[in-house]
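Read off the chains here:
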Amino acid sequence: MSLQPHQERVVAEKTELSDKLSKLLAFFQSPIFSTLSEAEQSRLRNQARFMDGYAAVLEERIAAF
């Protein structure tokens, strides 16, 4: 099945987002993360949750293609 250009962009966006989320999750395990303030750690965890939700929506859209 051949994807339309807008569908290809969604697939590329999902790939990029998944890569960024993986890097953010890995950062949580780094020594630097523990040196950040509690507030900043919380913001980064929130960011990861939103990114995960966004990735899930993109995955649903891709599945619907």
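Look a little higher up for the structure.
These numbers come from a predicted model, not from an experiment. (Residues numbered from 1 in each chain as written. Predicted model: local features only at pLDDT ≥ 70, side-chain atom pairs only at ≥ 80, totals over all residues. Heavy atoms only, no water.)

**Quick word on the packing of aromatic side chains**
The following threshold applies: Planes of paired rings set the category: under 30 degrees apart is stacked, over 60 is edge-to-face and the rest tilted, where pairs are Phe, Tyr or Trp rings (Trp by its six-membered ring) whose centres lie within 6.5 Å. Partly exposed describes any residue whose relative accessible area lies between the buried limit of under 20% and the exposed limit of over 50%, with all areas from a 1.4 Å probe on protein chains only and scaled to the type maximum.
Taken as a whole and assessed by the stated rule, the structure comprises two aromatic pairs. Centroid distance Phe27 to Phe33: 5.9 Å. Interplanar angle 80°. Geometry classified as edge-to-face. In this structure Phe33 comes out as buried when scored by relative accessible area, which is 6%. One aromatic cluster is present, formed by Phe27, Phe28 and Phe33 through successive ring pairs.

**What to know about the side chain of Gln7**
Here is the rule: In DSSP terms, a helix is any run of H or I states spanning at least four residues, a strand is any run of E spanning at least two, and both are numbered starting from the N terminus. Counted as a polar contact is a pair of N or O atoms within 3.5 Å, where, for protein atoms, one must be capable of donating a hydrogen and the other of accepting one, and residues adjacent in sequence contribute only when both atoms are in side chains.
Relative to the assigned elements, Gln7 resides in helix α1 (residues 5-27). Note on Gln7: relative accessible area 12%, which makes it buried. For Gln7, the side chain forms a polar contact with the main-chain nitrogen of Gln4, separated by 2.8 Å.

**Some thoughts on the environment of Phe27**
Mapping Phe27 onto the fold places it in helix α1. Given a relative accessible area of 26%, Phe27 falls into the partly exposed group. Here the alpha-carbon distance between Phe27 and Leu44, two residues 17 residues apart in the chain, equals 9.8 Å.

**Structural notes on the pattern of salt bridges**
Pairing is possible between side chains that carry opposite charge, provided their charged atoms lie close to one another. Defined as follows: Any Lys or Arg side-chain nitrogen located within 4 Å of an Asp or Glu carboxyl oxygen qualifies as a salt bridge.
In this structure the tally under the stated criterion is three salt bridges. One salt bridge connects Lys14 with Glu59, and the closest N-O pair in it is separated by 3.7 Å. Placement of the pair is Lys14 in helix α1 and Glu59 in helix α3 (residues 38-64), with a sequence separation of 45 residues. On the accessibility criterion, Glu59 (41% relative accessible area) is partly exposed. Between Arg43 and Glu40 there is a salt bridge whose closest N-O contact spans 2.8 Å.

**Brief notes about α3**
Test applied: Here, expected helix span is obtained from the residue count minus one, scaled by 1.5 Å.
Between its first and last C-alpha atoms α3 spans 39 Å; for 27 residues at 1.5 Å apiece the expected length is 39 Å, and the two agree. Buried within α3 we find Gln41, Leu44, Ala48, Met51, Ala55 and Leu58.

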